[in-house]
Amino acid sequence: MNRQIRRLGIGLLVLYAALFVQLNVIQVLRADTYNDHPENSRAIIRDFSRPRGQILAADGTVLARSVPVDSPFKLQREYPEGELFAHVTGYFSLNAGADGVERSYNDALAGHTGERIEDIGELLLGEPRTADVSLTIPADVQRVARDALGAKRGSVVALDPRDGAVLALWSFPSYDPDVLSSVDIDAAQEARERLLADEANPLLARSYRETYFPGSTFKVVTAAAGLASGSVSATSPVYPTSNAYVPPLTRQPIRNFGGGTCGGALPAILRVSCNTAFAQMGVDLGAETLVNTAEDFGFNHAAPIDLPAPAVSPIGDVASFQENTPVLAMTAIGQNAVRSTPLQMALVAAGVANGGDVMVPHVMREIRDNEGRVIDNWEPTNWTSAVRPDVAATLTEAMTAVVEQGTATRLAVPGVPTAGKTGTAQLGNGLSHAWIVGFAPADAPRVAVAVIVEAQPGASEQTGGQVAAPIAQTVLAAALAANPE
Amino acid sequence: MIPVVQRLRRNTELGLILLGAVVTAGLYTLASLGTTANVPVNIGPFLGVVLALLAGAHVATRRLAPASDGVLLPLAGLLNGLGYVWIARLDPDLAALQAVWTAVGITAYVMTLVLVPKARDLDRYRYTFMLVGIALLLLPLVPGIGKTVNGARIWLQLGPLSFQPGEFAKIVLAVFFASYLVEKRELLGMAGHRVGPIMLPELRHFGPVLVAWGTSLLVMVSERDLGSSLLFFALFVVMLWVATERLSYLFVGGLLFAGGAVAAASVFGHVRQRVEIWLDPWAAATDQGFQLVQATFALAWGGIAGTGPGLGNPDRIPLVETDFIFAAIGEELGLLGSAGVLVTFLLMVGTGLRIALAAHTPFNKLLAAGLTAILGIQAFIIIGGVIRMVPLTGITLPFVSYGGSSLVANYVLLALLIRISADNAESELQAP
């Protein structure tokens, strides 16, 4: 039997050698593949336990930091401003991953950029060089935006038209990122489920991830298309004074708000937000001109903001308007085929304010390593050239008149020439979204703004001017003060 | 000559036990530092208890089997300690129970040495062991005392106590097979029929083995305990082969196994599912494959050196304290630790087979080989299952996994191997 016993030994040795080979495959050869697998949460858990940089507002207010906790994870993210910056910083969650700046700048915050290894000890210890991310948003401007909007669903976006720096990015309702980022996984999961079940959808960053009918604020784009095409100027054509416009291929007339009568040249029709005239302008220009100009402002593309998953503001393609002048007419006044994020409408205002160039919007101002050295700062870049400077100048003049004597008088910042355009996107059930876009100072713009207040009672053109304009005015004033020349 | 060998072996044993206790206490401290950032408050008493338990076993061995092998007990103690550290790190409540089971296991070890002064004594109770073995296998099927846990009906519930009789059945049946096969091995080894190059024995000699083996397999399948079925199967085939010295039994056994596996996979849904998950756990990464996928993540995350005790996340793996404890150790000690566990089992297997080689009677030889095969194959089945070498079948990792029945049964197995090694040394003395 001894021979068999020896062979049994050899057999078991071979089996165990096979186990050892397979262990090497799993633990060494293929380890990286398994570590990067999407179902594998260990990397998140690792980052959870590691030092992580801070997120700071433009004025230095701490928006996110890691604090020690009595838990196996050792560290927990803390958001001292609570819901105020939730849609900007996002959260850093064990169960839900990360969102906002926590996600888009994760490598810098966690120190995974892999640069600047300065000595061999650092290389061996793998000490992460965490970095702090400073934002372009001053905490007080964001706070003013929150307070001005109050407990109404909607959004406020303000940015510097000259370099695309975001100055306020608020939407209501918001949420507290602290709970979601808790090391208490059950509490975090419960909080997340509660937020997901909430009909008001607080997790949704309406400012850059939700689209709405832009209503009459879109007339700025229609006017820009007309001016750019050369077929419209400040003085001609003079649109007929009328209370209804019937586009070709339909008998359904487009009417003015409250059944009013209006008409005239561009400044006049913009001032009173004349539906009949802009509908006719859209039809006269044709789908190609209107869609091209809208796309030049950024429609049909996701705004390249440095936050995760921004929404596309769609207007459809030229072909979808073929033989469909009624839809074209409605689209020219911001209904039907066109939808926009609040951020995109702010970019329209900013493009006009910046002489026709739309800058890439961004929330990151600079990144400093843990020894305070700047390792990255934002280089302003042009996103699109929407219109020529002379077109922008004409639009600015017309929009200034809207604030001086038109529907947007409540946007006027005292002592500062202000340009703007109201909007009321009808929802068809007696409710409408109240909109306003604008910028100031009109002669040397430093702040552009867009405000939407969702589902307000009433469907007159006054809604935007009454509800949204005062909010935008407060934010404009605060942003101008915080963003000097 | 004997007193010198005895002293040498016992002192080696004591030294290795001390080394194992230091390793265990060190890992226990590190795991506590990893999970709570504190040195465990009970580290003093802990080290004391570990040492007391193993020293108890050592003293008993000194008195009851002084000439026995000096390596097996420290190796078992090391695995036991390693398992305890991870059970304590994963679930302190289970750890308290495991400590009690360790004490029971060591008591069983001592009792076995007391009750079996010579391994050949077991030979006398051959059919008693057969009946006891079959009874142990059948007990969980008895209504009222049988209990189903995680889909397998392998538990006995007697009042507050529950245990898996199958863990003991494997030892008892190994004794029966050693005894029976040694007597019949001449007959079984004779070629009755010849099919090509393969010799087949007369069916009437082979019959009883086939029946016992078929019965136990049937019981296993009806209890849904695939791991134990596989272990029994391999044990029978190996013992038959070693006893008869006929390679044909290995071939026939292999063919029977392949046929049985294919049949089981086509007939039983739960068997087929195991095979599918084995082939591709990633397709079901969030449900049936979750456990295997998480174990793979754990091992991969451990890499070469591991995260350090208490610093990994093995608690994401279901059943990590029992069937999957190897993955927890692999994550926190890395390839170095997981390979260390493999080496420890290989050392035990090597020592067990050396004892078998040195045995002076065929019964002792076959029993030692069988018991060693149980240990080596069982560890292979579960480690191979966890790292996807073979389909996963739930079974404990000897001495390491949480589980009272398993721990106590394996200490009994250890005592029998120790007893055989003591017999070897004593007959060497008597031999001229």
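Each chain has its residues counted from 1, running along the sequence as written. Each chain is given a letter, starting from A, and each ligand a number, starting from 1, according to the order in which they appear as written. Only residues with pLDDT of at least 70 are given local features in this predicted model, and only at 80 or more are side-chain atom pairs given and counted; all residues enter the totals for whole chains, interfaces and linings.

## Concerning the overall build of chain B
Piece 1. Along the backbone of chain B there are 14 helices and 5 strands.
Piece 2. Across the 432 residues of chain B, 52% fall into the buried class.
Piece 3. Sequence separation of 24 or more characterises 69% of the internal contacts of chain B that already satisfy a separation of 6 or more. Helix and strand assignments come from DSSP, with helices taken as H or I runs of at least 4 residues and strands as E runs of at least 2, each series counted from the N terminus. For every residue, the other C-beta atoms within 10 Å of its own C-beta are counted; 20 or more classify it as buried, 12 or fewer as exposed, and values in between as partly exposed. C-beta atoms are placed from the backbone. Here contacts are defined at the residue level, using C-beta atoms placed from the backbone and a cut-off of 7 Å between them.

## Examining the sheet that holds strand β14 (residues 364-369) of chain A
Piece 1. Here, strands pair whenever DSSP counts at least two bridges between them. With respect to topology, 6 strands assemble into an open sheet ordered β3-β2-β1-β6-β14-β15 (chain A), the strand pairing being mixed. Each edge of the sheet is formed by a strand with only one pairing partner; in this case those strands are β3 (75-78) and β15 (374-377) of chain A.

## Concerning the interface of chain A and chain B
Put simply, an interface is often sized by how much accessible area is lost when its parts join up.
Piece 1. Contacts between the two partners involve 29 residues from chain A and, on the opposite side, 40 residues from chain B.
Piece 2. When residues of the side of chain A that touches chain B are traced back to their parent elements, those giving at least two are α1 (2-29), α2 (31-35) and α3 (42-49) of chain A.
Piece 3. Residue composition of the side of chain A that touches chain B, grouped by class: 17 nonpolar, 9 polar and 3 charged. All residues other than Ala, Val, Leu, Ile, Met, Phe, Trp, Tyr, Cys, Pro, Asp, Glu, Lys and Arg, Gly among them, are scored as polar; the first ten of these are nonpolar and the last four charged.

## Things to note about the environment of A:Gly100
Residues and elements named next belong to chain A.
Piece 1. Relative to the helices and strands, Gly 100 resides in helix α5 (residues 100-104).
Piece 2. Owing to 24 C-beta atoms within 10 Å, Gly 100 belongs among the buried residues under this scheme.
Piece 3. Gly 100 sits 13 residues away from His 87 along the chain, and the two C-alpha atoms are 6.5 Å apart.
Piece 4. Leaving out residues up to four positions away in the same chain, Gly 100 has contacts with His 87, Val 88, Thr 89, Gly 90, Leu 307 and Pro 308.

## Things to note about helix α14 (residues 404-430) of chain B
Piece 1. Multiplying 1.5 Å by the helix residue count minus one yields the expected span of that helix. Helix length check: α14(B) (27 residues) gives 39 Å between terminal C-alpha atoms against 39 Å at 1.5 Å per residue, within 8%.
Piece 2. Summarising burial for α14(B): 20 of the 27 residues are buried, a large majority.

## Some remarks on the nonpolar core
Piece 1. Connectivity within a nonpolar core runs through C-beta atoms within 7 Å, and the core itself is a set of buried Ala, Val, Leu, Ile, Met, Phe, Trp, Tyr and Cys residues. B:Met239 and B:Leu366 are the most contacted members of the largest nonpolar core, which has 144 residues in total.
Piece 2. Once residues within four sequence positions are removed from consideration, B:Leu366 is found in contact with A:Met1, B:Ala178, B:Leu181, B:Val182, B:Met239, B:Val242 and B:Ala243.
Piece 3. Judged by nonpolar contacts, the second largest core, of 141 residues, contains A:Ala158, A:Ala303, A:Ile305 and A:Ile333.

## A short note on the pairing of strand β1 (residues 146-149) of chain B
All names here are of chain B.
Piece 1. The sheet contact formed by β1 and strand β2 (residues 152-158) spans 3 bridges and is antiparallel. Bridge pairing in β2 places Gly 146 opposite Leu 156.
Piece 2. The hairpin formed by β1 and β2 contains 2 residues between the paired strands, and Asn 150 there has a positive phi angle of roughly 50 degrees.

## Re the confidence of the model for chain B
Residue and element names in this part refer to chain B.
Piece 1. Overall, the predicted model of chain B reaches an average pLDDT of 86, with 93% of residues at or above 70.
Piece 2. Confidence, read as mean pLDDT per element, is least for strand β5 (residues 198-200) in chain B (62) and greatest for helix α12 (residues 325-358) (96).
Piece 3. With a pTM of 0.65, the predicted complex shows an ipTM of 0.93. What pLDDT expresses is the predictor's confidence in each residue, scored from 0 to 100.

## Some points on the sheet that holds strand β19 (residues 447-457) of chain A
Residues and elements named next belong to chain A.
Piece 1. The strand order across the open sheet formed by 5 strands is β8-β7-β19-β18-β17, and the pairing between neighbours is antiparallel. On the outer flanks of this sheet lie β8 (166-172) and β17 (419-426), each paired with one strand and no other. Ignoring strand direction, the axes of neighbouring strands in this sheet form an average angle of 10 degrees.
Piece 2. Note: strand β7 (residues 154-159) against β19, 6 bridges, orientation antiparallel. Across the sheet, Val 156 pairs through a bridge with Val 451, a residue of β19.
Piece 3. The strands touched by helix α17 (residues 342-353) within the sheet are β7, β18 (431-440) and β19, with β19 carrying the most contacts at an inclination of about 140 degrees.
Piece 4. Every axis corresponds to a line fitted to the C-alpha atoms, with the helix fit spanning only the stretch in contact, and the corresponding angles, defined between N-to-C directions, vary from 0 to 180 degrees. The sheet strands contacting helix α18 (residues 389-405) are β17 and β18, and the helix crosses β17 at an angle near 70 degrees.

## Quick word on the confidence of the model for chain A
Piece 1. For chain A, mean pLDDT is 90; residues scoring 70 or higher make up 95% of the total.
Piece 2. The low-confidence segment residues 114-124 of chain A, where pLDDT is below 50, has 4 contacts with residues more than four positions distant or belonging to other chains.

## Quick look at helix α8 (residues 226-244) of chain B
Residues that lie three or four places apart on an α-helix share one face, since the helix turns once every 3.6 residues.
Piece 1. Over its 19 residues, α8(B) extends 27 Å from the first C-alpha to the last, a length consistent with the 27 Å expected when each residue adds 1.5 Å.
Piece 2. Taking burial as the measure, the 19 residues of α8(B) include 18 buried ones, the bulk of the element.

## Some words on unusual backbone geometry
Piece 1. Following A:Ser236, the chain continues into A:Pro237 via a peptide bond in cis, with omega recorded as -5 degrees.
Piece 2. Mapped onto the elements of the fold, A:Pro237 is located in the loop between α12 (219-229) and β9 (239-242).
Piece 3. Omega for the bond connecting A:Ala440 with A:Pro441 falls within 30 degrees of zero, at -15 degrees, which places this linkage in the cis form.
Piece 4. Within the element layout of this structure, A:Pro441 appears in the loop between β18 and β19.
Piece 5. Backbone geometry at A:Glu323 places phi at a positive 55 degrees, although glycine is not the residue there.
Piece 6. If you trace the backbone, A:Glu323 turns up in the loop between α15 (287-297) and α16 (325-332).
Piece 7. Classification of A:Glu323 by C-beta neighbours within 10 Å gives exposed; the count is 9.
Piece 8. Unusually for a residue other than glycine, B:Leu319 sits at a positive phi of about 60 degrees.
Piece 9. When you line up the elements, B:Leu319 lands in the loop between α11 (290-302) and α12.
Piece 10. On the neighbour-count criterion, B:Leu319 (14 C-beta atoms within 10 Å) is partly exposed.

## Examining the packing of helix α3 (residues 72-90) of chain B against helix α4 (residues 92-115) of chain B
Residues and elements named next belong to chain B.
Piece 1. Between α3 and α4, whose axes approach to 7 Å, the crossing angle comes to 155 degrees. Relative to α4, the element α3 is oriented roughly antiparallel. In contact with Asn 80, Tyr 84, Ile 87 and Ala 88 of α3, α4 contributes Pro 92, Leu 94, Ala 95, Gln 98 and Thr 102.
Piece 2. Grouping the constituent residues of the contact of α3 with α4 by class yields 6 nonpolar, 3 polar and no charged. Under this scheme an angle from 65 to 115 degrees is roughly perpendicular, one under 35 degrees roughly parallel, and one over 145 degrees roughly antiparallel; angles in between are oblique.

## Remarks on the environment of A:Pro214
Piece 1. Tracing the chain through its elements places A:Pro214 in the loop between α11 (206-209) and α12.
Piece 2. Those residues within four positions of A:Pro214 in sequence are excluded, and the remaining contacts are A:Gly334, A:Val338, A:Ser340, A:Met345, A:Gly423, A:Ala425 and A:Trp435.

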